[in-house]
Amino acid sequence: MTAIDTRYVQFFDAGLAPEHELLGGKCASLVTMTAAGMPVPPGFAVTTASYDAFIAASGLAELIREQLAGLDADDVAHVDRVSQLIRDRICDSPVPEPVREAVIEAWAQLQSRFAAPVPVAVRSSATAEDLPDASFAGQQDTYLWLTEEAEVHRHIRMCWASLYTSRAIMYRLKNGIEDEGLSMAVAVQKMVSAETAGVAMTMNPSTGDRSKIVIDASWGIGEAVVSGHVTPDNIMVDKVMMSIVSEHIGDKHIEMVPEPGGRGLIERPVDVTRREIRCLTDEQVRQVAELAKRAERHYGTPQDIEWAIDRDLPAGENLLLLQARPETVHSNRTPEQKPVTATIGVSSLTSMLTGQIAQVRTHRG
C-alpha cells in the first residue's frame, strides 16, 4: 500500500511519539496507551496539521478571528449565530488534496486489517482538552457507527467544526482560554460492539481515597452510562486486594446496542431479570479494576477510564480500554469542598458519582 504522509495522519500503533500539539489530548492518550501494550481498539489520528492546512487553504482564519472578536459569553443568541456561521463554512469548504489523500489511504489500511469491513467512531481530539487546569470533555463531538469512507470524510470536518460549537466558544470565553492557536485532531477508531461497558476511577471521587477503584457499569454501549441516561451498577474495589468493598445494583433499564446491519445504535429496554443482577461477573470486575490500576501506574496519577467488553471477541481478550484521562472531579475541588470523612452511604455515593461524571463527560465527548 501507499505510504501515508505522517504529517497529516498517524496510526496509533505506528511507533511515533505521542505529540500532544499534533494529536490533541484524546489521540495522544490513545497512542500512549497503545505503545504501553494496553488493549486499545485500532485506529488512526487525523493530525492537527491536517486541520491547520485546511484552515490555511480555505482562508477561514480571518473570518473566525473577526467573528470571535469581542464576543460576550452572556449574549447566547449572538454566540449561537457566530457558531453556526463558522461551522457551516468549515463543513462547506474543500479539504486540501494531500490531506484528503492521506485519509483515503489510512482508511484503506485500517479496513485491510479485518476480514470484513468494520464500522468506526470518529472522535474529536482538541489540543486544549484534558489539560490539568481545564477539562474539555464533552465540548466537541463524537460520531459513532460510520461505515462508509465518504461518511468518515464528512464527519472529520464536522469534528473540526465542533471546535466552534456554542458551548465550546462559551466555555473558552468563561475560562479565559484564547482561541488563537487552538487546533483539532480527529481519532478514527474501530467501533466496539459492547456487551457491557462503563467507566472507572482509580480513586473514590467523593472522598479522594486513592486506595479504592470505583466502577460504573451497564449493559450495552457505554454512552448510556457517561451521559447519565441509566443508573448503572456501582462497584467499589479495594485497589490492593482487588476485592469488592461495596456494590449497588443499578436499574439499568435501557441499553444501547448495534442495530441490525451494524450501521448505528438502537436503544432497547433491558428485561427485568438482567436489571436486577450485576452486569459484571466477579472476574470481570477484577479485570476492569486491574486495567484501571494499570493505566494509573502507567500515567503516575489517578485515572478516569472508559472501558468496554466486546461481544465479538473471545473471553480473556474482550476487555478494551477506550479512553484514559487524569481524574479531575476531586482534584479540582478546593480544600473547603473536599469532605473530611468517608461516611457516605452506597446509594448516596452512586448518586454523587453519577452527577460528577455528568459534569466532566457527556455522550458527545
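Refer to the structure above for everything that follows.
What counts, and at which threshold
- Starting afresh in each chain, residues are numbered from 1 along the sequence in its written order.
- Only residues with pLDDT of at least 70 are given local features in this predicted model, and only at 80 or more are side-chain atom pairs given and counted; all residues enter the totals for whole chains, interfaces and linings.
- Water and hydrogen atoms play no part in the side-chain values, which are based on all heavy atoms of the structure.
- DSSP-based pairing: two strands are paired if at least 2 bridges between them are found.
- Counting from the N terminus, the helices are the DSSP runs of H or I reaching at least four residues and the strands are the DSSP runs of E reaching at least two.
- Lines fitted to the C-alpha atoms define the axes, with helices restricted to the stretch that makes contact. Angles between their N-to-C directions range from 0 to 180 degrees.
- Should any heavy atoms of two residues lie within 4.5 Å, those residues are counted as being in contact.
- Expected helix span is computed as 1.5 Å times (number of residues minus one).
- The buried label goes to any residue with under 20% of its type's maximum accessible area, the exposed label to any with over 50%, and the partly exposed label to all in between, with areas taken from a 1.4 Å probe on protein chains only.

A. Focus on the sheet that holds strand 9 (residues 244-248). Read across the sheet, six strands follow the order 9-8-7-6-12-13 without closing on themselves; strand pairing throughout is antiparallel. In this open sheet, the two edge strands, each paired with only one partner strand, are strand 9 and strand 13 (319-326). Neighbour to neighbour, the strand axes of the sheet diverge by 20° on average, direction disregarded. Against the sheet, helix 10 (residues 282-299) engages strand 6 (194-201), strand 7 (212-219), strand 8 (233-238), strand 9, strand 12 (303-310) and strand 13, with an angle of about 140° to strand 12.

B. Local environment of the sheet that holds strand 2 (residues 43-46). As summarised here, the arrangement of the five strands in space is 1-2-5-3-4, forming an open sheet in which the pairing is antiparallel. This sheet does not close on itself; its edge strands, each paired only once, are strand 1 (9-11) and strand 4 (142-146). Across this sheet, the average inter-strand angle for adjacent strands is 20°, counted without regard to direction. As paired strands, strand 2 and strand 5 (residues 184-190) are joined by four bridges and run antiparallel to one another. Within strand 5, the position partnered with Val46 by the bridge is Val186. Of the strands in this sheet, strand 1, strand 2, strand 3 (120-126) and strand 5 touch helix 1 (residues 20-35), which is tilted by about 130° from strand 3.

C. Spatial organisation of helix 5 (residues 97-111). Over its 15 residues, helix 5 extends 21 Å from the first C-alpha to the last, a length consistent with the 21 Å expected when each residue adds 1.5 Å. For helix 5, every residue scored as buried is listed here: Val99, Ala102, Val103, Glu105, Ala106, Trp107, Gln109, Leu110 and Gln111. Turning to helix 5, the residues buried within the fold contact strand 1, strand 2, helix 2 (48-58), strand 3, helix 6 (149-161) and strand 5.

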